[in-house]
Amino acid sequence: MSLDQDFDREQDDEDGDGKEMSFISHLEELRWHVIRAGASILVFAILAFIYIQEIYHYVIIAPSQPDFWTYKMLCKLSEITGYDDLCVKTLNFKLQVIGMGDAFTMSMTSSVIAGLVFAFPYAFWEIWRFIQPGLKPSERRSARGAVFYVTFLFFSGVLFGYYVVSPLAINFLANYTLDPTIINEFSLASYISLVSTLTLACGVAFQLPIVVFVLSKIGVLTPSFMREYRKHSMIVILIVAAVITPSPDIYSQVLVAIPLFLLYELSIMVSAKVEREKLEEEKRLAKLGGTTTED
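In this report, the structure presented in the accompanying data block is examined.

Rules used in this analysis
- Residues numbered from 1 in each chain as written.
- Predicted model: local features only at pLDDT ≥ 70, side-chain atom pairs only at ≥ 80, totals over all residues.
- Heavy atoms only, no water.
- Helix = DSSP H or I, 4+ residues; strand = E, 2+ residues; numbered from the N terminus.
- Buried < 20%, exposed > 50% of the residue type's maximum accessible area, 1.4 Å probe, protein only.
- Areas by Shrake-Rupley, 256 points an atom, 1.4 Å probe, with all protein chains shown as cover.
- Core = buried A, V, L, I, M, F, W, Y, C linked by side-chain atoms within 4.5 Å.
- Contact = heavy atoms within 4.5 Å.
- Phe/Tyr/Trp six-rings, centres within 6.5 Å; stacked < 30°, edge-to-face > 60°.
- Lys NZ or Arg CZ within 6 Å of the ring centre and 35° of its normal.
- Disulfide = S-S within 2.5 Å.
- 1 Å grid on protein atoms, 1.4 Å probe; cavity = no way out; pocket = protein on both sides within 12 Å on 5 of 7 lines; lining within 4 Å.
- Points joined across faces, edges and corners; volume = space filled by probe spheres on them.
- Nonpolar A, V, L, I, M, F, W, Y, C, P; charged D, E, K, R; others polar.

Moving on, we come to the overall build of the protein. Helix and strand counts for the protein come out as 12 helices and 2 strands. For the protein, the N- to C-terminal ordering of α and β elements is α-α-α-β-α-α-α-α-β-α-α-α-α-α. Among the 295 residues that make up the protein, the fraction classed as buried is 32%. Total accessible area on the protein is roughly 18,900 Å²; 67% of this is exposed by carbon and sulfur atoms.

As a further point, take the nonpolar core. Y56, Y71, I192 and V256 are the most contacted members of the largest nonpolar core, which totals 38 residues. Broken down by secondary-structure element, the contributors of at least two residues to this core are helix 2 (52–60), helix 3 (69–81), helix 7 (146–175), helix 8 (188–205), helix 11 (230–244) and helix 12 (250–294). Every residue in contact with Y56, bar those within four places of it in the chain, is listed here: I61, A62, M106, S107, S110, L188 and I192. Core analysis: the second largest hydrophobic core is formed by 5 residues, V117, F120, V150 and V158 among them.

Two measures describe an aromatic ring pair: the distance that separates the ring centres and the angle between the ring planes. Under the defined criterion, the tally for this structure stands at 17 aromatic pairs. When the centroid spacing of 5.7 Å and the interplanar angle of 85° are considered together, the rings of W69 and Y163 count as edge-to-face. Highlighted residues: W69 in helix 3 and Y163 in helix 7, separated in sequence by 94 residues. Plain terms: the ring middles of F225 and Y229 are 4.7 Å apart, the flat faces sit at 40° to each other, and that makes the pair tilted. For F225, a relative accessible area of 40% puts it in the partly exposed group. These aromatic residues form a ring-pair network of at least three members: F68, W69, Y71, Y162 and Y163. Against the face of W32 rests R31, its NZ or CZ located 5.1 Å from the ring centre. The side chain of R129 reaches across the aromatic face of W125, ending 4.8 Å from its centre.

Turning our eyes to something else, we now look at the state of the cysteines. For the coordinates displayed, the defined rule picks out 1 disulfide. Covalently, C75 is tied to C87 through a disulfide, its sulfur atoms 2.1 Å apart. Linking C75 and C87, the disulfide has an S-S dihedral of approximately 80° and is accordingly described as right-handed. On the criterion of sequence distance, the pair formed by C75 in helix 3 and C87 in the loop between helix 3 and strand 1 (94–96) is long-range, its members being 12 residues apart.

To find leftover empty space, a probe the size of one water molecule is rolled over the atoms. In this structure, the largest pocket encloses a volume near 790 Å³. Along the wall of the largest pocket there are 28 residues; nearest its centre are S142, A143, A146, I210 and F213. At the level of secondary structure, the elements contributing two or more residues to the lining of the largest pocket comprise helix 5 (120–131), helix 6 (137–142), helix 7, helix 9 (208–217) and helix 12. The biggest single contributor to the lining of the largest pocket is helix 12, with 7 residues. When its residues are assigned to classes, the lining of the largest pocket shows 20 nonpolar, 3 polar and 5 charged. For the second largest pocket, the calculated volume is near 470 Å³.

Here's what the structure looks like:
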């Protein structure tokens, strides 16, 4: 008996060592996934820094010019609706670099932001490769195409923030003056901060269906709950639209609110799909249980 006990004790020690090594190996694997994701951001940041002048001229500074695509579309919309205030003809402000090293610093900052945006699909794919093996087969099936959907929603939000939210905010802030004698001269840092914050915030906000999917999977959210509080969500969305578009113009707020409403409705559909899959899984398990009992 003592030999058996010693053998069991040794076996437990071996199992414990195996678990410890497994945990360490998982940490090592996570480290390499994070390193590769960070390296991809660095590569795109370097490429962005090489072409930083073109990026500034055609992308970053573009929303500060009256000939920007969004302003042209707003002018066309004003012709259709007859609401002349929609048309943006002038932006009364100038951008300036104040500090000696501000131009270089903002070039580095903008390059990192561009690297983060363009490397997002690969970086997320690396993190997903680490998470996916830990999922159950049913969870893997449900999460199929996660990289595509997350990337699609992120870039949709970034484009929405860049082409809709940022120009509306810039237009309002550029034409807002305390006195006609005061000239609006904004620092480049404040301009970059505004555009990048609004753009990336929209990219994150557009992940709402993914968040709802996860919360529905763990049972925190249900489609009935989301439908019950649909009216409340509309009020919240209108408040958010009013905050991120400081313009008092109701048309601007509606332009921002409509996609957010659509995202909420899409999230309800996602939650309903998760609930149906749960019910089907429960029925399948019940049938298997009944068959086993009869046998």
